[in-house]
Amino acid sequence: MQLIQNDPDLSAYLAADDAIDHHHPLVRETAARLAESADDSYAYARAAFEFVRDTIPHSADSGDMRVTWRASDVLAQRTGICHAKAHALAALLRAEDIPTALCYQKFEMLHGLVAVRFHGAWHRLDARGNKPGVDAQFSLGEERLAFLPDPESNELDYPVLYAEPHPAVLAVMKTAPDRPYLWEHLPKEL
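All values reported here derive from a predicted model rather than from experimental measurement.

Quick notes on the rules
Each chain carries its own residue numbering, running from 1 in the written order of its sequence. At least 70 in pLDDT is required for a residue's local features to be given in this predicted model, at least 80 for side-chain atom pairs to be given and counted, and no such filter applies to totals for whole chains, interfaces and linings, which use all residues. Think of the side-chain values as coming from all heavy atoms in the structure, minus any hydrogens and water. Each helix is a run of DSSP H or I of at least 4 residues and each strand a run of E of at least 2, with the numbering of both proceeding from the N terminus. In a helix, the anticipated span is given by 1.5 Å times the number of residues less one. Only protein chains enter the calculation, and the probe is 1.4 Å; a residue is then buried if its accessible area is under 20% of its type maximum, exposed if over 50%, and partly exposed in between. By nonpolar core is meant a set of buried Ala, Val, Leu, Ile, Met, Phe, Trp, Tyr and Cys residues that side-chain atoms within 4.5 Å join together. Working rule for contacts: check all heavy atoms of both residues, and any pair within 4.5 Å makes them a contact. Two strands make a pair as long as DSSP finds a minimum of two bridges between them. Angles shown run from 0 to 180 degrees and are taken between the N-to-C directions of axes, each axis being a line fitted to C-alpha atoms and, for helices, limited to the stretch in contact.

Undergrad: Explain helix H5 (residues 82-95) to me, please; I cannot follow it from the model alone.
TA: Helical geometry note: an α-helix holds 3.6 residues per turn, so side chains three or four residues apart project in the same direction. The end-to-end C-alpha distance of H5 is 20 Å, a good match for the 20 Å that 14 residues give at a rise of 1.5 Å each. Taking burial as the measure, the 14 residues of H5 include 14 buried ones, the bulk of the element. Positive phi shows up at Asp97, right after H5, with a value of about 60°.

Rendered as structure tokens:
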């Protein structure tokens, strides 16, 4: 699948916004701590991916009803759905000047993940969090995502790479009082 930048300006994929608040002190502190043991930007990207995937539980897996959407809140509260975890990973990567996009897959509801730009190409990563039957890994070669769409079930990968969270997704995340409400109101498709 050919990934398509929504914004042709690569600097848009380094920008901060309300959800990807990579200038927030907690994001900066976390990024600095992860960067200490990384030899290069590739090693840093792997460390940031594994940190978000492994230390911030997906709220559905942990039973946490709280809804987080801002990267700094995801890091502070240590919880989030796939979209929130994607915001946190994007913020950590952008904090170290690694262009990062948000992208989506269609299943029963939209699934959020990121794409990073290395060596002139975009590579999708899914920090949703592993569990039995889900084994997402950091890879700049063959994709190792949490889920693969089944076209016969009307599932699909959206090829568009967004510099900011999709407005329909973000609007629901910002107003959801709890995760059950979020599940009910998240868009089913873009």
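From this point on, the discussion continues.
Undergrad: Would you explain the environment of Asp150 in this entry?
TA: Relative to the elements of secondary structure, Asp150 occurs in the loop between strand E4 (121-125) and strand E5 (156-157). Placed 137 residues apart in sequence, Asp150 and Tyr13 show a C-alpha to C-alpha distance of 29 Å.

Undergrad: For this particular structure, what's the right way to read the nonpolar core?
TA: Looking at soluble globular proteins, one finds that nonpolar side chains tend to be buried together. Tyr44, Val52, Leu89, Leu92 and Leu93 are the most contacted members of the largest nonpolar core, which has 46 residues in total. Elements with a minimum of two residues in this core: helix H1 (25-36), helix H2 (41-55), helix H4 (71-77), H5, strand E2 (100-106), strand E3 (110-118) and helix H6 (167-175). The biggest single contributor to this core is H5, with nine residues. In this structure, Leu93 is in contact with Tyr44, Ala45, Ala48, Ile98, Thr100 and Val116, ignoring residues within four places of it in sequence. Counting 11 residues, the second largest nonpolar core, distinct from the first, contains Ala12, Ala115, Trp122 and Leu161.

Undergrad: Sorry, what's going on with the sheet that holds E2 here?
TA: Backbone-to-backbone hydrogen bonds pair the strands of a sheet. The strands run either parallel or antiparallel. In space, the four strands of this open sheet follow the order E4-E3-E2-E5, with antiparallel pairing throughout. The open sheet has two edge strands with one neighbour each: E4 and E5. When E2 meets E5, the two strands line up antiparallel, connected through two bridges. Directly across from Gln105, in E5, lies its bridge partner Asp157. Sheet strands touched by H5: E2 and E3. Its angle to E3, the strand with the most contacts, is close to 15°.

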